[in-house]
Amino acid sequence: MAWPERALNGARYMYRLASKVALITGGTSGIGEATARLFAAEGAAVVITGRRSPAGRAIVAELRESGADATFVRADHTRARDCERAVEFALARHGRIDILFNNAGVVTSGTAESVSEADWLRTLSLNVTAVWRMSRLVLPHMRAAGGGVIVNNASDWAVVGAPNALPYAASKGAVAQMTRSMALDHAHENIRVNAVCPGDTWVQRWGEEGYFPGSAPVSRAQAMRSARAQIPMRRFAEAEEIARAVLYLASADSSYVTGHLLLVDGGNTAR
Ligand code: NAD
């Protein structure tokens, strides 16, 4: 695919992901979608996955219109067979996968006592097991190609405790340790494994009814104001700000970085 040449202060712009193939899980909204858009703008061929076909198809149609090579494959990553199909699809189309962004995840609240068995298992199945499964499926192909990059979407709650979010915090702590351990296992194969750890990031689902509930006498608006006030930078992140960190980890800009947890949290964990 020919990309239009971009000029940068008179110099030729080098697309940071030119000729790379990126597989992005949960790319139909939020951070995954923002990353797919940024990767495509940086010259990558992107394959996005997710459960919502209409949203996935709409995003890839838009990306294609701007000249990108973008495809969507429907996958529920709690299912082993769907993980396999997503990887098979990307390999059949492109012959290789240079970048895997394990992004799909679910936020689940609850304490050790209040969380249900079903919620616990569902959270670990997507946030932990799918990350392992997707990595395991992609690793042999990266090795055969002489290297690759895996970026996991963890959370600032991977490194500090989280009140009333036990399954989520436990799952993201596991993602952090998978990141470090896989980095050690595969560094000698030129496969880098890192994680982005976003703080509170404004995504579409936050706008949905009941997602950010206030409870009387505290309104939803007050609950959000109070959440913002607790962040040192006094604002939520935009999904694009997280995508830029993912781009850094996925590109040659971070060629000597592996096993790293990159906190993008407005200073939340600095205290
Ligand atoms: P989001 O809900 O917009 O994105 C989640 C994506 O995962 C969606 O595309 C969704 O369809 C997909 N998904 C959910 N379950 C799936 C399944 N079973 N199979 C396949 N896809 C599935 O929210 P987001 O905030 O962009 O979340 C993306 C990642 O970022 C998650 O791993 C989340 O834990 C992490 N994160 C988000 C925040 C935040 O404040 N938004 C903070 C830290 C970490």
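Read on for a plain summary of the structure.

Conventions used here
Residues numbered from 1 in each chain as written. Predicted model: local features only at pLDDT ≥ 70, side-chain atom pairs only at ≥ 80, totals over all residues. Heavy atoms only, no water. Phe/Tyr/Trp six-rings, centres within 6.5 Å; stacked < 30°, edge-to-face > 60°. Helix = DSSP H or I, 4+ residues; strand = E, 2+ residues; numbered from the N terminus. Buried < 20%, exposed > 50% of the residue type's maximum accessible area, 1.4 Å probe, protein only. Lys, Arg positive; Asp, Glu negative; His and termini not counted. Salt bridge = Lys/Arg side-chain N within 4 Å of Asp/Glu carboxyl O. Contact = heavy atoms within 4.5 Å. Axes fitted to C-alpha atoms, helices over the stretch in contact; angles between N-to-C directions. Parallel < 35°, antiparallel > 145°, perpendicular 65-115°, else oblique. Left-handed = near helix turned anticlockwise from the far one by under 90°. Near = heavy atom within 4 Å. Polar contact = N/O pair within 3.5 Å; in protein donor to acceptor, adjacent residues only side chain to side chain. Expected span 1.5 Å × (residues − 1). Arc of directions from axis to C-beta. Pairing = 2+ DSSP bridges. Right-handed = clockwise from strand over helix to strand, strands pointing away. Core = buried A, V, L, I, M, F, W, Y, C linked by side-chain atoms within 4.5 Å. Domains from an automatic or database assignment.

### Considerations on the packing of aromatic side chains
Then, number 1: A full pass over the atoms with the stated rule returns 4 aromatic pairs.
Then, number 2: Seen in terms of ring centroids, Trp 157 and Tyr 168 are 6.2 Å apart; in terms of plane orientation they differ by 75°. Their pairing is edge-to-face. Remark: Tyr 168 occurs in helix H5 (residues 166-186) and Trp 157 occurs in the loop between strand E7 (148-153) and H5; sequence separation between them is 11 residues.
Then, number 3: Residues Trp 206 and Phe 236 carry aromatic rings whose centres are separated by 4.9 Å and whose planes lie at 80° to one another, so their mutual orientation is edge-to-face. Within this pair, whereas Trp 206 is found in the loop between strand E9 (201-202) and helix H6 (220-229), its partner Phe 236 is found in the loop between H6 and strand E10 (237-238), the two being separated by 30 residues in sequence.
Then, number 4: Through a chain of ring-to-ring contacts, the aromatic side chains of Trp 202, Trp 206 and Phe 236 assemble into a single cluster.

### Topic: the side chain of Lys 172
Then, number 1: Its place among the elements puts Lys 172 in helix H5.
Then, number 2: Despite its burial, Lys 172 remains without a salt bridge, the nearest opposite charge being carried by Asp 156 at 9.9 Å.
Then, number 3: Sequence-distant contacts of Lys 172, defined by excluding residues within four places in its chain, comprise Asn 127, Asn 153, Ala 154, Ser 155, Trp 157 and Ala 158.

### Things to note about the packing of helix H1 (residues 30-41) against helix H2 (residues 53-65)
Then, number 1: One way to put it is that H1 packs onto H2 with a least axis distance of 11 Å and a crossing angle of 20°. Classified by the angle their axes make, H1 and H2 are roughly parallel. Here H1 and H2 pass one another in a crossing that is right-handed. Together, Glu 33, Ala 36, Arg 37 and Ala 40 of H1 and Ile 59, Glu 62 and Leu 63 of H2 make up the contact between the two elements.

### Details of the site of the ligand
Then, number 1: Taken together, 27 residues are adjacent to the ligand, and Ser 29, Ile 31, Asn 103, Tyr 168 and Thr 201 come closest.
Then, number 2: At 3.1 Å, a backbone N or O of Gly 26 approaches an oxygen atom of the ligand.
Then, number 3: For the shell around the ligand, the elements supplying multiple residues, two or more each, are H1 and H5.

### A short note on the environment of Arg 52
Then, number 1: Note on placement: Arg 52 falls in the loop between strand E4 (45-50) and H2.
Then, number 2: Arg 52 sits 99 residues away from Val 151 along the chain, and the two C-alpha atoms are 22 Å apart.
Then, number 3: Apart from the residues lying within four places of it in its own chain, the contact partners of Arg 52 are Thr 28, Ser 29 and Phe 72.
Then, number 4: One polar contact links Arg 52 to Ser 29, side chain to side chain, over a distance of 2.9 Å.

### Points about H2
The periodicity of an α-helix, 3.6 residues per turn, causes residues three or four positions apart to be oriented the same way.
Then, number 1: Compared with the 18 Å implied by 1.5 Å per residue over 13 residues, the 18 Å span of H2 between its first and last C-alpha is a close match.
Then, number 2: Every buried residue of H2 is accounted for by Ser 53, Gly 56, Ile 59, Val 60 and Leu 63. Angular distribution of buried residues about the axis of H2 spans 135°; they occupy a single face of the element. Facing away from the buried side of H2 by more than 90 degrees, the exposed set consists of Pro 54, Arg 57 and Glu 65.
Then, number 3: Residues of H2 that are buried in the fold lie against H1, E4 and strand E5 (70-74).
Then, number 4: Phi for Gly 67, located one or two positions after H2, is positive at around 100°.

### Quick notes on the pairing of strand E8 (residues 191-198)
Then, number 1: When you tally the buried positions in E8, you get 8 out of 8 residues, the bulk of the element.
Then, number 2: Burial of the side chains of E8 extends over both faces: Ile 191, Val 193, Ala 195 and Cys 197 are buried on one face and Arg 192, Asn 194, Val 196 and Pro 198 on the other.
Then, number 3: In this sheet, E8 lies alongside E7 in parallel orientation, the contact comprising 6 bridges. Looking at E8, one finds that Gly 148 is bridged to Ile 191.
Then, number 4: Crossover E7 to E8 through H5 is right-handed.

### Examining the side chain of Ser 53
Then, number 1: Looking at the element boundaries, Ser 53 is found in helix H2.
Then, number 2: Setting aside its immediate chain neighbours within four residues, Ser 53 contacts Phe 72 and Arg 74.

### Points about the nonpolar core
Soluble globular proteins: nonpolar side chains tend toward being buried together.
Then, number 1: In this structure, Phe 39 and Val 46 are the most contacted members of the largest nonpolar core, which totals 40 residues.
Then, number 2: In terms of residue count, the dominant contributor to this core is helix H7 (residues 239-250) (8 residues).
Then, number 3: Each of domain 1 (5-199 + 238-264) and domain 2 (207-235) gives at least three residues to this core.
Then, number 4: In this structure, Phe 39 is in contact with Leu 17, Ala 22, Ile 24, Ala 44, Val 46, Ile 99, Val 246, Leu 247 and Ala 250, ignoring residues within four places of it in sequence.
Then, number 5: In terms of nonpolar packing, the next biggest core, distinct from the first, is built from 20 residues, Ala 75, Leu 100, Leu 139 and Ala 183 among them.

Geometric values such as these leave the question of function open.
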